[in-house]
Amino acid sequence: MSRRNISKKRFPEADSNYNSYLVSLLINRILKSGKKTIAENIVNGAFDIIKTKTNEDPLVIFEKAIRNASPVVEVKARRVGGSTYQVPVEVGGFRATNLALRWLIKYSSQRVGRSMSIKLASEIIDTANDIGNTIKKKEETHKMADANKAFAHFRY
């Protein structure tokens with residue numbers, strides 16, 4: 001790794017349909033084997049389903065779901081004096097969004113249903129309404145950080 005200069009974080013362009021940076025991140029997370037068209041079709045299908053189910057703008061519901069699923073704190077393993085402690089650490093903005101997207105996709109693919117579009121739409125709607133597995137995962141992460149509050153002084 002070069003020590004001379006810090007590499008800049010590259011962000012994908014905004015999505016062509018919704019002109020949203022978050023949607024393009026979602027498409028890139030769903031992407032498998034470089035099949036971007038399939039990932040775009042899944043997301044567009046999910047947004048159409050959200051529009052028909054809720055009669056609201058799917059982009060607003062998706063952004064609300066990401067806000068609800070983004071964690072504030074998480075635990076990181078820190079080795080101190082031969083033993084490993086789970087140290088609570090605050091989560092930055094980009095990482096929080098990244099974790100929320102990852103959890104949304106993971107738990108939507110685990111749902112029972114016919115197509116990924118239906119499962120993704122259902123998970124986004126549930127997360128926007130503060131229910132579902134993605135919200136459970138966020139609360140579990142917060143509980144673990146709260147339980148290990150005593151080790152906060154081992155922070156980096």
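Above: the structure in question.
Definitions and cut-offs
Residues numbered from 1 in each chain as written. Predicted model: local features only at pLDDT ≥ 70, side-chain atom pairs only at ≥ 80, totals over all residues. Heavy atoms only, no water. Helix = DSSP H or I, 4+ residues; strand = E, 2+ residues; numbered from the N terminus. Polar contact = N/O pair within 3.5 Å; in protein donor to acceptor, adjacent residues only side chain to side chain. Contact = heavy atoms within 4.5 Å. Salt bridge = Lys/Arg side-chain N within 4 Å of Asp/Glu carboxyl O. Buried < 20%, exposed > 50% of the residue type's maximum accessible area, 1.4 Å probe, protein only. Phe/Tyr/Trp six-rings, centres within 6.5 Å; stacked < 30°, edge-to-face > 60°.

In this structure, serine 70 sits in the loop between helix H3 (58-69) and strand S1 (73-80). For serine 70, the side chain forms a polar contact with the main-chain oxygen of isoleucine 66, separated by 2.6 Å. Setting aside residues up to four positions removed in sequence, serine 70 forms contacts with Ala96, Thr97, Ala100 and Lys138.

In this section: the pattern of salt bridges. Counted by the stated rule, this structure contains three salt bridges. Here arginine 95 ties to glutamate 74 by a salt bridge, and the two come within 2.9 Å at their closest N and O atoms. In this pair, arginine 95 sits in helix H4 (residues 93-110) while glutamate 74 sits in strand S1, placing the two residues 21 residues apart along the sequence. With a relative accessible area of 35%, arginine 95 lands in the partly exposed category. For glutamate 74, a relative accessible area of 9% corresponds to the buried category.

Turning our attention to the packing of aromatic side chains. The tally for this structure, following the rule as stated, stands at two aromatic pairs. Geometrically, the ring pair formed by tyrosine 18 and phenylalanine 47 is edge-to-face, given 4.9 Å between the ring centres and 65 degrees between the ring planes. You can see tyrosine 18 sitting in the segment before helix H1 (21-30) and its partner phenylalanine 47 sitting in helix H2 (residues 36-54), a full 29 residues away along the chain. On the accessibility criterion, tyrosine 18 (23% relative accessible area) is partly exposed. Arranged with centres 5.6 Å apart and planes meeting at 50 degrees, the rings of phenylalanine 47 and phenylalanine 62 form a pair that is tilted. Residue phenylalanine 47 is located in helix H2, and its partner phenylalanine 62 is located in helix H3; the two are separated by 15 residues in the primary sequence. Neither residue differs from the other here; phenylalanine 47 and phenylalanine 62 are each classed as buried. Here the aromatic residues Tyr18, Phe47 and Phe62 are joined through ring pairs into a cluster of three or more.

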